[in-house]
Amino acid sequence: MKIRTARVLAILATAALSSAVLGSSSAAQAIPSSCSYGFYNTNSASYASCSVGTGQFRAKLRCDIPWGIDTVARGHWLNVTVPPSNSIATCPPDARKGYEPGIERQ
């Protein structure tokens with residue numbers, strides 16, 4: 001009888017552990033869509049916004065640095081909201097201009 005009880009306890013422990021692992025998984029997020037992006041006020045800043053999905057997005061902008069290596073400016077990660085919020089990417093002060101505005105999504 002003791003062997004059977006130990007076996008039942010082992011099965012119950014395995015089942016409890018399996019349900020704890022499976023129960024902790026989260027639903028997949030939908031990549032943001034219905035997005036727009038472009039220059040924001042000047043050519044040294046860009047915006048990005050999305051209105052559909054459950055993931056996050058942010059603005060990005062390549063920055064022309066005279067006599068240096070061009071960099072990429074990135075805005076803050078934002079969640080999709082309705083109405084949409086803008087993520088703003090701004091080039092550093094020593095940049096001549098921004099180019100190739102875009103968006104990153106996750």
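Residues numbered from 1 in each chain as written. Predicted model: local features only at pLDDT ≥ 70, side-chain atom pairs only at ≥ 80, totals over all residues. Heavy atoms only, no water.

### Details of the nonpolar core
Counting residues in hydrophobic clusters, the biggest one holds 13 residues, and the most contacted among them are Phe57 and Cys63. Sorting the residues of this core by element identifies β2 (42-52) and β3 (56-64) as the ones contributing at least two each. In terms of residue count, the dominant contributor to this core is β3 (4 residues). (Core = buried A, V, L, I, M, F, W, Y, C linked by side-chain atoms within 4.5 Å. Buried < 20%, exposed > 50% of the residue type's maximum accessible area, 1.4 Å probe, protein only. Helix = DSSP H or I, 4+ residues; strand = E, 2+ residues; numbered from the N terminus.)

### Observations regarding the sheet that holds strand β6 (residues 87-90)
With antiparallel pairing, the 3 strands of this open sheet are ordered in space as β1-β2-β6. Pairing within the sheet leaves two strands with one partner each, and these edge strands are β1 (33-40) and β6. Going from strand to strand, the sheet's axes swing by 15 degrees on average, the running direction of each strand aside. Bridge analysis of β1 against β2 gives 7 bridges, and the strand direction is antiparallel. Residue Ser33 lies in a different strand from β2, and its bridge partner there is Val52. (Pairing = 2+ DSSP bridges. Axes fitted to C-alpha atoms, helices over the stretch in contact; angles between N-to-C directions.)

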